[in-house]
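Structural overview
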Amino acid sequence: MSEMQNIQWFPGHMTKTKRQIQASLKLVDAVAEILDARIPLSSKNPDLQKLIQNKPKVVLLNKCDMANQTATSRWIDYYASQGITAIAVDCKSGKGLNKFAPAVNNVLSERRERLKAKGMVNPMLRIMIVGIPNVGKSSFINRVAKQNRAKVEDRPGVTRGNQWYSIAKNIEMLDTPGVLWPKFDDKIVGERLAFTGAVKDQILDTELLAVRLLDFLRSLKPADFIARFKLEDIDLDAIDSYELLNVIGKKRGMLISGGEINTERAAIMLLDEFRSGKLGRITLEMPER
Ligand code: GDP
C-alpha cells in the first residue's frame with residue numbers, strides 16, 4: 001500500500017480564492033464558518049481568523065445528522081467557553097436552521113448598538129458563509145434562501161453582481177459563499193477529510209484509508225458499526241485493522257477466486273457506508289480538554 005499523499009490544492013487557485021474572500025469580507029459585518037460536525041478540527045481553515053480579523057463569527061456544525069450527539073454538544077460547549085456561538089445544523093432535513101438568525105442577531109448585537117450610538121437608525125447588517133469544499137455551504141445557502149424567499153435586489157453602492165438574502169429583520173446574507181482551503185499540508189487532516197469524502201478518493205489509497213478508518217472504529221466501537229457487520233464475536237482490541245477489513249469482506253462474501261478476500265471492494269464499501277452515515281453517528285474529533 002502506498003503512503004498517504006497530501007491533498008492537492010493549486011497555489012494559483014488559493015491566491016484567487018483568498019482575493020475573492022477578502023473582497024467579500026469588505027461587504028459584511030460577520031462571518032458564518034461552516035464546519036463538518038464529525039471533524040470540526042480538520043474541516044477548519046487554518047487562516048480564517050487572520051482573514052476575518054475582529055469580525056464577529058458564528059460556527060455552524062453541519063452534517064450533525066451524521067455526528068454523535070453527545071460529541072456535538074461538547075463541541076458547542078467548547079466554543080461557548082471560547083466566547084464563540086456555535087449551532088448544530090443538518091442541511092439535509094433543515095434541522096437547526098431556525099437557530100441561525102437568532103445566533104447571527106446575537107453576535108451582531110454589539111455592532112448594531114455601536115452603529116445606533118453613532119446615529120444610524122436600523123442599520124442593515126450583513127453576513128457571509130465561508131467553509132472548505134464539500135462542507136455544505138451551497139446546501140446551507142439554498143435551504144436558508146428557500147425559507148426566506150425574497151432575494152434582495154442589487155442596490156447601488158453594493159458591488160454589482162452580489163445578491164443578498166434577507167434572513168432576519170435588518171440582516172442579510174451574501175448568496176455566494178467563500179471557499180476556503182483546509183490545512184492541506186497535514187496528512188492527518190487529509191486522511192480525515194478523505195474519510196468523510198470531502199477530498200477525492202483517487203489521490204489516496206483506498207485500502208489504506210479504510211484501514212485507517214478502522215483504527216478509529218476499533219477504538220470507538222460504535223454499536224451500529226458492530227451490529228451492521230455482525231462483529232459481536234470479534235475482540236476489536238486484539239485484531240489489527242487490516243485483519244478486520246478481511247473479516248468485514250468475508251462477512252459480506254466479497255471473495256475473489258481461490259477464496260481470497262477482495263479487500264479493495266471491502267474498503268470501498270466500508271468508506272461508502274461511513275460517508276452515508278450507515279455505520280452510525282460517529283464523530284472523529286473531540287475538543288481538547
Ligand atoms: P459545498 O461544496 O460546501 O457547497 O457543499 P455542498 O452543499 O455541495 O454539500 C456537499 C455534500 O454534502 C452534498 O452531497 C450534500 O448533499 C451533503 N450535505 C450537505 N449538508 C448536509 C447535512 O447536513 N447532512 C448530510 N447528511 N449531508 C449534507
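Residues numbered from 1 in each chain as written. Predicted model: local features only at pLDDT ≥ 70, side-chain atom pairs only at ≥ 80, totals over all residues.

**Digging into the overall build of the protein chain**
Rules: Every helix listed is a DSSP run of H or I at least four residues long, and every strand listed is a run of E at least two residues long, numbered separately from the N terminus. Residues with at least 20 other C-beta atoms within 10 Å of their own are called buried, those with 12 or fewer are called exposed, and the rest are partly exposed. The C-beta atoms themselves are positioned from the backbone. For the purpose of contact definition, each residue receives a C-beta atom placed from its backbone, and two residues are in contact when these atoms lie within 7 Å.
Check the secondary structure of the protein chain and you find 10 helices and 10 strands. Along the first, second and third principal axes, the C-alpha atoms of the protein chain reach 80 × 40 × 35 Å. Across the 289 residues of the protein chain, 37% fall into the buried class. For the protein chain, restricting intrachain contacts to residue pairs at least 6 apart in sequence, the fraction spanning at least 24 positions comes to 72%.

**Notes on the domain arrangement of the protein chain**
Threshold: Each domain's extent is set by a domain assignment, obtained either automatically or from a database.
According to the domain assignment, the protein chain contains domain 1 (11-179) and domain 2 (205-275). Of note, the centres of domain 1 and domain 2, computed from C-alpha atoms alone, are 38 Å apart.

**Comments concerning the site of the ligand**
Using the following cut-off: Near, as applied to residues and a molecule or strand, means the residue's backbone-placed C-beta atom lies within 6 Å of it. Under the grouping applied here, Gly and all other residues not named as nonpolar or charged are polar, the nonpolar ones being Ala, Val, Leu, Ile, Met, Phe, Trp, Tyr, Cys and Pro and the charged ones Asp, Glu, Lys and Arg.
In the neighbourhood of the ligand, 15 residues make up the surrounding shell, with C91, G136, K137, S138 and S139 lying closest. Here the shell around the ligand is built from residues that sort into four nonpolar, six polar and five charged.

**Regarding helix α10 (residues 263-275)**
This is how it is decided: How far a helix is expected to stretch is found by multiplying one less than its residue total by 1.5 Å. The directions from the helix axis to the C-beta atoms form the arc being described.
With 13 residues, α10 extends 18 Å between its outermost C-alpha atoms, agreeing within 8% with the 18 Å of an ideal straight helix rising 1.5 Å per residue. For α10, the complete set of buried residues consists of T263, A266, A267, L270, L271 and F274. Buried residues of α10, viewed axially, fall in a sector of 130°; they line one side. In this structure, the buried residues of α10 make contact with α6 (187-195), α7 (206-220), α9 (241-251) and β10 (260-261).

**A look at the environment of D205**
Tracing the backbone shows D205 in the loop between α6 and α7. The class of D205 is partly exposed, set by 19 C-beta atoms lying within 10 Å. For D205 and L125, which are 80 residues apart along the polypeptide, the C-alpha to C-alpha distance reads 46 Å.

**Re helix α3 (residues 69-81)**
Taking 1.5 Å of rise per residue, 13 residues should cover 18 Å, and α3 covers 18 Å from first to last C-alpha, within 8% of that figure. Those residues of α3 that fall on the buried side of the exposure criterion are A71, T72, W75, I76 and Y79. Each buried residue of α3 lies within a common arc of 140° when the element is viewed along its axis, so the set occupies one face. Away from its buried face by more than 90 degrees, α3 exposes T70, S73, D77, A80 and S81. Buried residues along α3 sit in contact with β2 (57-62) and β3 (85-88). Looking one or two residues past α3, G83 carries a phi angle of roughly 80°, positive in sign.

**Some words on the packing of α7 against α9**
Worth spelling out the cut-off: Inter-axis angles, ranging from 0 to 180 degrees, are taken between N-to-C directions of lines fitted to C-alpha atoms, where helices are fitted over the stretch in contact. Between 65 and 115 degrees an angle is taken as roughly perpendicular, under 35 as roughly parallel, over 145 as roughly antiparallel, and anywhere else as oblique.
The interhelical angle for the contact between α7 and α9, taken along N-to-C directions, is 95°, at an axis separation of 9 Å. The angle between α7 and α9 falls in the class roughly perpendicular. Where α7 abuts α9, its residues A210, V211, L214, D215 and R218 lie against S241, Y242, L244 and L245. The class makeup of the residues in the contact of α7 with α9 is six nonpolar, one polar and two charged.

**A short note on the confidence of the model for the protein chain**
Where we set the bar: A residue's pLDDT is the predictor's confidence in that residue, given on a scale from 0 to 100.
Chain-level pLDDT for the protein chain is 91 on average; 90% of the residues reach the 70-or-more range. Interface scoring of the predicted complex returns ipTM 0.99; its pTM is 0.92.

**With respect to the pairing of strand β6 (residues 164-168)**
As a reminder of what qualifies: Strands pair, by our definition, only if DSSP identifies at least two bridges between them.
Looking at chain direction, β6 and strand β7 (residues 171-174) are connected through four bridges and run antiparallel. Counted as the bridge partner of W164 is L174 from β7. The antiparallel pairing of β6 with β7 creates a hairpin that spans two residues between the two strands, and N170 there sits at a positive phi of about 65°.

**Quick word on the pairing of β2**
This is how it is decided: The path from the first strand over the helix to the second decides the hand: if it runs clockwise while the strands point away from the viewer, the crossover is right-handed.
Counting buried residues in β2 gives five out of six residues, a clear majority hidden from the surface. Pairing between strand β1 (residues 30-36) and β2: six bridges, direction parallel. Bridging across to β2, I34 finds its partner in L60. As paired elements, β2 and β3 share four bridges and run parallel to each other. Bridge pairing in β3 places V59 opposite A86. Handedness of the crossover joining β2 and β3 through α3: right-handed.

**Details of the environment of R252**
Among the secondary structure elements, R252 is positioned in the loop between α9 and β9 (255-256). Between the C-alpha atoms of R252 and L220, which are 32 residues apart in sequence, the distance is 22 Å.

**With respect to the packing of α9 against α10**
Running from amino to carboxyl end, α9 crosses α10 at an angle of 90°, the nearest separation of the two axes being 9 Å. Between α9 and α10, the interaxial angle falls into the category roughly perpendicular. Along its contact with α9, which presents L245, N246, I248 and G249, the element α10 presents T263, R265, A266, A267 and L270.

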